Amino acid sequence: MRGPTFLLAVLAAVHVRASASSEKAPEFQTLPSLREQAKLLDGWTEERIALIPGLLRKYGVDAWLMSQREYAEDTVFWALKEATQFSARRRTTHLFLASPASGAPAHYSWVENTDFVWTDLRRILGEQQPRSIALNTHPEIAFSGGLHAGELDAVLAGVGEEWREKFVLEPMLGVEVVATMVEGRLPWYRRMMETAWAIIEEGFSEKIIVPGESTSWDVEWWMREKIQSLNYTTWFQPSVYILTGEGFPVAATQHHPHQPSLLDDPRAPDRPIQFGDLIHTDFGVTALGLNTDTQHLGYVLYPGETDADVPKGMLEGLRKVNRLQDIVKSNMKIGLTGNEILKASRGQMRSEGIEGKIYCHATGEWGHSAGTVIGMTNLQDSVPVLGDLPLLKNTYYSIELFAEHFVPERNRTIMFPQEEDVYWDDESNSWEWVYGRQDTLLLIRTPRKAGSDIQEEL
Ligand SMILES: *[C@@H]1O[C@H](CO)[C@@H](O)[C@H](O)[C@H]1NC(C)=O
Ligand SMILES: *[C@@H]1O[C@H](CO)[C@@H](O)[C@H](O)[C@H]1NC(C)=O
């Protein structure tokens, strides 16, 4: 192994380290006080609520009724609540109107435990005479299917015969309200993303990883503690894998695998991280009502090795998956469905000779947020229902995928997964990286011990 690796390392030395070296290293970004955070959040929520009448008109619906009980909230509730609300209380009911007559408000809310909510609601409906009232009853889409079954019964009984026949389902209402990212969020999202990068960069360094000792699980739990120490939270357990070319599961995006046995779980191989390992993480943070989703790669240099010693095949693998990111990003045309984007991207991928998989999703408000999906790990031709929704502007997406690449230095094909979040930029009319994208491997360095050759001992 050592011989050919050395020769290729000489060749790799001519490859100038990618742009990241000239850029500022990502830093941990601290959050404002909780009181300040609440102010920010409420400002964004107000902007979002102000969009609703326009969305109702866009989708040709006169009214939207959302109702829930404490602890049985509609999915959309979380996007509309005040920062100091921790759940719905009693029965919490919202009515939105597309074009309220005679200067009436466009938004009504009740927090009630008597029939007053229904009599008052019927009064307003009587005055406003909506021809259609949307309810969130979609069987497949969480963001437009959040009306609980028992609550639907209560709504039907509460509004009475007259209004029941006006109920309609418009899935894009819930989807677009949750998906739309008001402008002020971006600078904060970018800071959160920088923090996520900084945690990965420290986790994938010799500060945290001691080759031959640290396991994947040690790094994962270090990441969890780091998130907590920064007063962030997360929306999934970070994962760290060793990419051997054998065990890496296709279902890398299953963030909550049921507890597998040690042998089934490639995150916890029966050995620690070693010199020469290519390692991978899927990592996200949560703060300010936002969630990030990132996958990066690292390489464990042998003692005394430098950047120039990274196997060239691994750098080529990273470049290949970078190319795949560009292909998908350029095919993400607003208004196309996720399935159309998937088909176009896979066609282009094939024509460029790239093997891999594409499984992109909306992100931001939720880790896997509202909006069309572009492939799933087990669905590479088309995704039913979710893949048929149109791609919306002013949203955030996770470009999540992998490319396969034959790494001569390892004599095997290895999957190179990446995930980076993008936002829609109205000015340039294109998707832009929220913070950047990985174009160079993170390196774990070990100094050569004076007077001994550790590599020979291995
Ligand atoms: C985390 O919160 C605590 C308590 O408010 C505060 O003292 C500390 O400075 C915060 N740490 C960071 C990194 O923001
Ligand atoms: C590379 O792998 C192939 C297939 O597993 C094997 O036949 C071949 O001998 C290997 N080559 C080297 C140089 O180890």
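Thresholds, definitions, all that
- Residues numbered from 1 in each chain as written.
- Chains lettered and ligands numbered in written order.
- Predicted model: local features only at pLDDT ≥ 70, side-chain atom pairs only at ≥ 80, totals over all residues.
- Heavy atoms only, no water.
- Core = buried A, V, L, I, M, F, W, Y, C linked by side-chain atoms within 4.5 Å.
- Buried < 20%, exposed > 50% of the residue type's maximum accessible area, 1.4 Å probe, protein only.
- Helix = DSSP H or I, 4+ residues; strand = E, 2+ residues; numbered from the N terminus.
- Contact = heavy atoms within 4.5 Å.
- Patch = residues over 30% accessible without salt bridge, like charges linked within 9 Å, V, L, I, M, F, W, Y side chains within 5 Å.
- Areas by Shrake-Rupley, 256 points an atom, 1.4 Å probe, with all protein chains shown as cover.
- Salt bridge = Lys/Arg side-chain N within 4 Å of Asp/Glu carboxyl O.
- Lys, Arg positive; Asp, Glu negative; His and termini not counted.
- Charge placed at Lys NZ, Arg CZ, Asp CG, Glu CD.
- Phe/Tyr/Trp six-rings, centres within 6.5 Å; stacked < 30°, edge-to-face > 60°.
- Lys NZ or Arg CZ within 6 Å of the ring centre and 35° of its normal.

## Comments concerning the nonpolar core
In summary, soluble globular proteins display a tendency toward joint burial of nonpolar side chains.
Then, in step 1: Of all hydrophobic cores here, the largest spans 38 residues; its most connected members are Ile199, Phe204, Met223, Tyr232, Phe283 and Val285.
Then, in step 2: The biggest single contributor to this core is helix H8 (residues 185-203), with 9 residues.
Then, in step 3: Those residues in contact with Val285 that lie beyond four places of it in its chain are Met192, Ala196, Ile199, Ile227, Tyr232, Thr233, Thr234, Trp235, Leu290, Asn291 and Thr292.
Then, in step 4: Counting 37 residues, the second largest nonpolar core, distinct from the first, contains Leu301, Val310, Met349 and Ile399.

## Quick word on a negative patch on the surface
Then, in step 1: Taken together, the side chains of Glu46, Glu47, Glu183 and Glu427 define an acidic patch exposed on the protein surface.
Then, in step 2: Exposure remark for Glu183: the relative accessible area of 73% places this residue in the exposed category.

## Quick word on the packing of aromatic side chains
One pair of aromatic rings is described through two measures. These are the centre distance and the angle between the planes.
Then, in step 1: Inspection of every chain in the model, using the stated rule, returns 11 aromatic pairs.
Then, in step 2: With a centroid separation of 6.2 Å and 15° between ring planes, the pair formed by Tyr108 and Trp110 is classed as stacked.
Then, in step 3: With a relative accessible area of 15%, Tyr108 lands in the buried category.
Then, in step 4: For the pair Tyr189 and Tyr396, a centre-to-centre distance of 4.4 Å together with 20° between the ring planes defines the contact as stacked. Remark: Tyr396 occurs in strand S13 (residues 396-407) and Tyr189 occurs in helix H8; sequence separation between them is 207 residues. Note on accessibility: Tyr189 and Tyr396 belong to one class, buried.
Then, in step 5: Members of the aromatic cluster, each reached through a chain of ring pairs, are Tyr397, Trp424 and Trp431.
Then, in step 6: A cation sits over an aromatic face here: Arg191 above Trp188, 4.2 Å from the ring centre.

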